[in-house]
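# Observations on the model geometry
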Amino acid sequence: MEYTQLGRTGLKVSRLVLGTMNFGPQTDEADSHAIMDAALDAGINFFDTANVYGWGENKGRTEEIIGSWFAKSSERRDKVVLATKVYGNMGADGAAWPNHDKLSALNIRRAVDASLKRLGTDHIDLYQFHHIDRNTPFDEIWQAIDVLVQQGKVLYAGSSNFPGYKIAQANETAARRGGTIGLVSEQCLYNLFERRAEMEVIPAAQEYGLGVIPWSPLHGGLLGGVLKKEAEGRRRTSGRAAETLADPAAHARIKAYEDLLDKHGLEPGEAALAWLLTRPGVTGPIVGPRTAGQLESALRAVELELSEELLAGLDEVFPGPGPSPEAFAW
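One structure accompanies this document, and this report is about it. (Residues numbered from 1 in each chain as written. Predicted model: local features only at pLDDT ≥ 70, side-chain atom pairs only at ≥ 80, totals over all residues. Heavy atoms only, no water.)

Next up on the list: the sheet that holds strand E10 (residues 286-287). Overall, parallel pairing links the eight strands, which are arranged E9-E8-E7-E6-E5-E4-E3-E10 in an open sheet. Two strands in the sheet have a free side with no partner beyond their single neighbour: strand E9 (211-215) and E10. (Pairing = 2+ DSSP bridges. Helix = DSSP H or I, 4+ residues; strand = E, 2+ residues; numbered from the N terminus.)

This part is about the packing of aromatic side chains. Aromatic ring pairs are reported here in terms of the distance separating the ring centres and the angle at which the planes meet. Tallied over the full model, the rule gives eight aromatic pairs. Taking the centre distance of 5.5 Å and the plane angle of 50° together, the rings of tyrosine 53 and tryptophan 55 count as tilted. An aromatic cluster of at least three residues, connected via ring pairs, comprises Phe47, Trp69 and Phe70. Seen from the ring of phenylalanine 193, arginine 253 lies directly overhead, with NZ or CZ sitting 5.0 Å from the centre. (Phe/Tyr/Trp six-rings, centres within 6.5 Å; stacked < 30°, edge-to-face > 60°. Lys NZ or Arg CZ within 6 Å of the ring centre and 35° of its normal.)

For the rest of this paragraph, the subject is the side chain of serine 160. Summarising the element assignment, serine 160 is placed in strand E7 (residues 154-160). Judged by relative accessible area, which is 1%, serine 160 ranks as buried. Residue contacts for serine 160: discarding those within four places in its chain leaves Lys85, Phe129, His130, His131, Glu186 and Gln187. (Buried < 20%, exposed > 50% of the residue type's maximum accessible area, 1.4 Å probe, protein only. Contact = heavy atoms within 4.5 Å.)

Let us look at the pattern of salt bridges. Within the structure shown, the criterion is met by 16 salt bridges. Between arginine 195 and aspartate 315 there is a salt bridge, with its nearest N and O atoms 2.8 Å apart. Taken as a pair, arginine 195 in the loop between strand E8 (183-189) and helix H7 (201-207) and aspartate 315 in helix H13 (residues 308-317) lie far apart in primary sequence, 120 residues in all. A salt bridge links glutamate 270 to arginine 300, with the shortest nitrogen-to-oxygen separation between them at 2.9 Å. In this pair, glutamate 270 is assigned in helix H11 (residues 268-277) and arginine 300 in helix H12 (residues 292-301), connecting sequence segments 30 residues apart. (Salt bridge = Lys/Arg side-chain N within 4 Å of Asp/Glu carboxyl O.)

Once that is clear, we can look at the environment of valine 147. Mapped onto the elements, valine 147 comes out in helix H5 (residues 138-151). As for valine 147 and threonine 180, which are separated by 33 residues in sequence, their C-alpha atoms are 11 Å apart.

Glancing now at the packing of helix H4 (residues 105-119) against H5. Running from N to C, H4 and H5 point in directions that differ by 30°, and their axes come no closer than 9 Å. Along this stretch, H4 crosses H5, giving a crossing that reads as right-handed. Contact residues: Ala105, Ile108 and Val112 in H4; Glu140, Ile141, Ala144, Ile145 and Leu148 in H5. For the contact of H4 with H5, the residue count by class is seven nonpolar, no polar and one charged. (Axes fitted to C-alpha atoms, helices over the stretch in contact; angles between N-to-C directions. Left-handed = near helix turned anticlockwise from the far one by under 90°. Nonpolar A, V, L, I, M, F, W, Y, C, P; charged D, E, K, R; others polar.)

Another aspect to go through is the side chain of serine 159. Counting through the fold element by element, serine 159 comes out in strand E7. Classification of serine 159 by relative accessible area gives buried; the value is 0%. Side chain to side chain, serine 159 and glutamate 186 meet in a polar contact 2.5 Å long. What serine 159 contacts, discounting residues up to four positions off in sequence, is Phe129, Ile167, Leu183, Ser185, Glu186, Gln187 and Leu210. (Polar contact = N/O pair within 3.5 Å; in protein donor to acceptor, adjacent residues only side chain to side chain.)

Mapped onto the fold, isoleucine 66 is located in helix H2 (residues 61-70). Residue class for isoleucine 66 comes out buried when judged on its relative accessible area of 0%. With sequence-adjacent residues up to four places away left out, isoleucine 66 is seen in contact with Thr20, Met36, Thr49 and Leu119.

Attention now goes to H2. Most of H2 is tucked away: seven of the 10 residues are buried. Within H2 the residues assigned to the buried category are Thr62, Glu63, Ile65, Ile66, Gly67, Trp69 and Phe70. As for H2, its buried residues are in contact with helix H1 (29-41), strand E4 (46-48), helix H3 (74-79), strand E5 (81-86) and H4.

This is how it looks when you write it as structure tokens:
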């Protein structure tokens, strides 16, 4: 496994991030524990979750599964850089009682204590804001985080799904307050198919020293060889992937992508992850395996070296937006 610094911090994290969103809803506790064991054995030390994972009436279940895994050995928690998130409504019925969601100081205080209890730990290494809160000023958010850092409950703060201007606003507020390190990471939707983050989000992250943690690196399975698997009867496309493939232009791009990688003798999913590891500012993509086999495939991506010819070919199939502001101006 390869390691890198998380943004401008001294924290060393693996170039692959273990995503746990499937733990509970799609992967039972025993299999989830086995996947975490395999990830740690392979050198992955960066685990990502969120308080809402488990979904519906089972919100918080994923954190509980991680907590029960930690409880089996004290060494596990010591080896893991643990990231979770705050923002979402934790009410099982979807109706949030006032101040039980978003980023008010009150909800941050309540949410972190609840996450710590479910995770069975006394601190969270990276506490991420799952979404922007348009109604809570950053002065209030940073005041709440400062208290948690002083209490030893949180070490670093990160963002998720933030536009570039909010990254700037958050860190300028932190700098003005003094003594607050500000955001150290941004978790955003970024992959070969979806490259809009290159216009504003990633440049802002680089400017302010945030590590970029791409989620959905295979774009809901579209970049994992979906057409080949469908033709071989190994997968039935549904959801966002099916909707995207219904567009003839998108279908043609995915076909061209799979043909290009077949020419180079590479598995599409592994190449898509390896491509992200070549991108400026990227700390590591989040891989969310449902099975041990999917984890093994993701691990192979770290060892792949993509040729300049292949990288150029991928840019032809999935051209990025170009630099900002040239991408939308002269």
